[in-house]
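Summary of structural features
Okay, here's what each chain looks like letter by letter:
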Amino acid sequence: MRLECTLITGRTRAQGDGLHRGRDSAAYRQATCLVEMNRDDMTVLGVEDGAIVTVSTPAGRVEVPARAGDLPRGMLFMPMGPTANLLVGGETESTGMPSYKGQPAEVETR
């Protein structure tokens, strides 16, 4: 089953703590390799907390654990890091920075 969503990325405390331990640390990988989504959307997809889902954007595709978050329906959140970077395209629209907010995305179960 698939669900069309909007992906936003941002900083989290866990991501920041992991970053201070090093980009190669297990803490950083664990803090940045996940997607948060609305609990009702998870129910529609039949996804339990911690289940692996596939998130796709025009720029890429990743498989990550899903976690229920306090988000509106249709919204996905990923902490900034290597995993989120695979989903954000390189187009900067002359700003010098890719858009880390509002990416069209699909989430699907395995």
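This text follows the structure it describes.
The structure reproduced in this document is the subject of the present report. (Residues numbered from 1 in each chain as written. Predicted model: local features only at pLDDT ≥ 70, side-chain atom pairs only at ≥ 80, totals over all residues. Heavy atoms only, no water.)

Re the pattern of salt bridges
The condition that has to hold: Salt bridges, as used here, are contacts in which a Lys or Arg side-chain nitrogen is within 4 Å of a carboxyl oxygen on Asp or Glu. Note on conventions: DSSP H or I runs of at least 4 residues are helices, E runs of at least 2 residues are strands, and numbering of each starts at the N terminus. In this scheme, a residue with accessible area under 20% of its type's maximum is buried, one over 50% is exposed, and one in between is partly exposed, where area comes from a 1.4 Å probe on protein chains only.
Counted according to the given criterion, the structure contains 5 salt bridges. Of the charged contacts, one joins Arg61 and Glu108 as a salt bridge, the two residues approaching to 3.5 Å between their closest N and O atoms. Of this pair, Arg61 sits in strand E4 (residues 60-69) while Glu108 sits in strand E6 (residues 101-109), and the two are 47 residues apart along the sequence. With relative accessibility at 54%, the residue Arg61 sits in the exposed group. Several salt bridges share partner residues, and in doing so they unite Arg2, Arg61, Glu106 and Glu108 into one network.

Re the sheet that holds strand E2 (residues 35-38)
Applied cut-off: Criterion used throughout: strands pair if DSSP finds at least two bridges between them. For helices, the fitted axis covers only the stretch in contact; all axes are lines through C-alpha atoms, and the angles between them, taken along N-to-C directions, range from 0 to 180 degrees.
Reading around the circumference, E1-E5-E2-E4-E3-E6 is the order of the 6 strands in this closed barrel, with mixed pairing throughout. Strand-to-strand twist across the sheet, computed as the mean angle between neighbouring axes with direction ignored, equals 45°. Alignment of strand E3 (residues 52-57) against E4, held across 6 bridges, turns out to be antiparallel. Among the inter-strand pairings, Thr54 is bridged to a residue of E4, identified as Glu63.

The quantities given are spatial measurements derived from coordinates; they are silent on function.
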